[in-house]
Amino acid sequence: MDGRRPLRHRRASGARRRAATDAAGDGINLQRAHASRATRPGIKAVADTMRAVVIERFGPPDVLAATTLPTPAPGPGEVLVAVQAAAVNAIDWKTRAGRGVSLGEFPALLGWDVSGEVVAQGPVANRFAPGEPVFGMLRFPQLAGTYAEFVTAPEAELAPRPPDLSPVAAAGTMCALTAWESLFDHGGLRAGQRVLIHGGAGGVGHVAVELARSVDAEVIATAFARQRRLPARPRRR
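Not measured: the values here are computed from a predicted model. (Residues numbered from 1 in each chain as written. Predicted model: local features only at pLDDT ≥ 70, side-chain atom pairs only at ≥ 80, totals over all residues. Heavy atoms only, no water.)

Novice: Where do I start with unusual backbone geometry in this structure?
Specialist: The phi angle of most residues is negative, glycine excepted, and most peptide bonds adopt the trans form. Cis geometry marks the peptide bond from Phe106 to Pro107; its omega dihedral reads -5 degrees. When you line up the elements, Pro107 lands in the loop between helix H2 (90–96) and strand E7 (113–121). Of note, the bond from Phe140 into Pro141 is cis; its omega dihedral lies within 30 degrees of zero at 10 degrees. Secondary-structure assignment places Pro141 in the loop between strand E8 (133–137) and strand E9 (150–154). One non-glycine residue with positive phi stands out, namely Val124, at about 60 degrees. Assignment of secondary structure puts Val124 in the loop between E7 and E8. Although it is not a glycine, Asp216 sits at a positive phi angle of roughly 65 degrees. Within the element layout of this structure, Asp216 appears in the loop between helix H5 (203–214) and strand E12 (218–221). (Helix = DSSP H or I, 4+ residues; strand = E, 2+ residues; numbered from the N terminus.)

Okay, here's the thing in structure tokens:
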């Protein structure tokens, strides 16, 4: 969120939004490469190759493998982002297991949520300059490839990262967008109303609780018994 209103993306279909509804974010820090530098047309000098985590087949977590890939070049209206944090949502592990987004071929580079720094601009890209911190959810449900040191991103799917928001905290866009759209775009939640949030301790649920409280709604949430002792934030006065 950019201090005014959460980042808005092109509308996902109902099926896409349901696929993201139970997403639970978990930040992954990625260090920038210190490989030899190479300059190619249209982008700032960056490492010619990058580290990435891919899958060669569907399966459990151990199918994830580190590898080296060519650094992508941003296309028209895109920027190249040096990834500082990505997220593992429910749709990520479901896709890895063969029960999520359809994959055309292997190896596949997963990941949609990202937080990082712009390092290069593609043709006609002018919204973000190199060095600016940004975050967003990219290209969903097409593959975006944020499990890497660098990722290309459409400028329209990024927002400036506020100075008081850490890269890891900013890499939870899918959960935040899902919660916001459910509460306000579809539910029309307003101050003083009462809202029931199922899975209030989950990835989307815990964000929904905070968003609802931020507009002075009365929140009732369900959770597993083992999660009953999670601290509650006092209602804002």
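Back to the write-up after that little detour.
Novice: I'm lost on the packing of aromatic side chains in this one. Help?
Specialist: Both the distance between ring centres and the angle between the ring planes are used here to describe each pair of aromatic rings. Using the criterion set out here, one finds three aromatic pairs in the structure. Look at Phe58 and Phe106: their rings are 5.1 Å apart centre to centre, the planes differ by 80 degrees, and that puts the pair in the edge-to-face class. Within this pair, whereas Phe58 is found in the loop between strand E4 (49–55) and strand E5 (64–70), its partner Phe106 is found in the loop between H2 and E7, the two being separated by 48 residues in sequence. (Phe/Tyr/Trp six-rings, centres within 6.5 Å; stacked < 30°, edge-to-face > 60°.)

Novice: Could you clarify how one ought to interpret the nonpolar core in this entry?
Specialist: A general tendency of soluble globular proteins is for nonpolar side chains to be buried together. Counting residues in hydrophobic clusters, the biggest one holds 20 residues, and the most contacted among them are Val81, Trp112, Leu138, Phe140 and Leu158. When contributions to this core are tallied by element, the ones reaching two or more residues are strand E6 (78–87), E7, E8, E9 and helix H4 (173–186). No other element matches the three residues that E6 contributes to this core. If we ignore the near neighbours within four places in the chain, the residues touching Leu138 are Trp112, Val114, Ala144, Thr146, Val151, Thr152, Ala153, Glu157 and Leu158. In terms of nonpolar packing, the next biggest core, distinct from the first, is built from 17 residues, Met50, Ala108, Leu109 and Leu110 among them. (Core = buried A, V, L, I, M, F, W, Y, C linked by side-chain atoms within 4.5 Å. Buried < 20%, exposed > 50% of the residue type's maximum accessible area, 1.4 Å probe, protein only. Contact = heavy atoms within 4.5 Å.)

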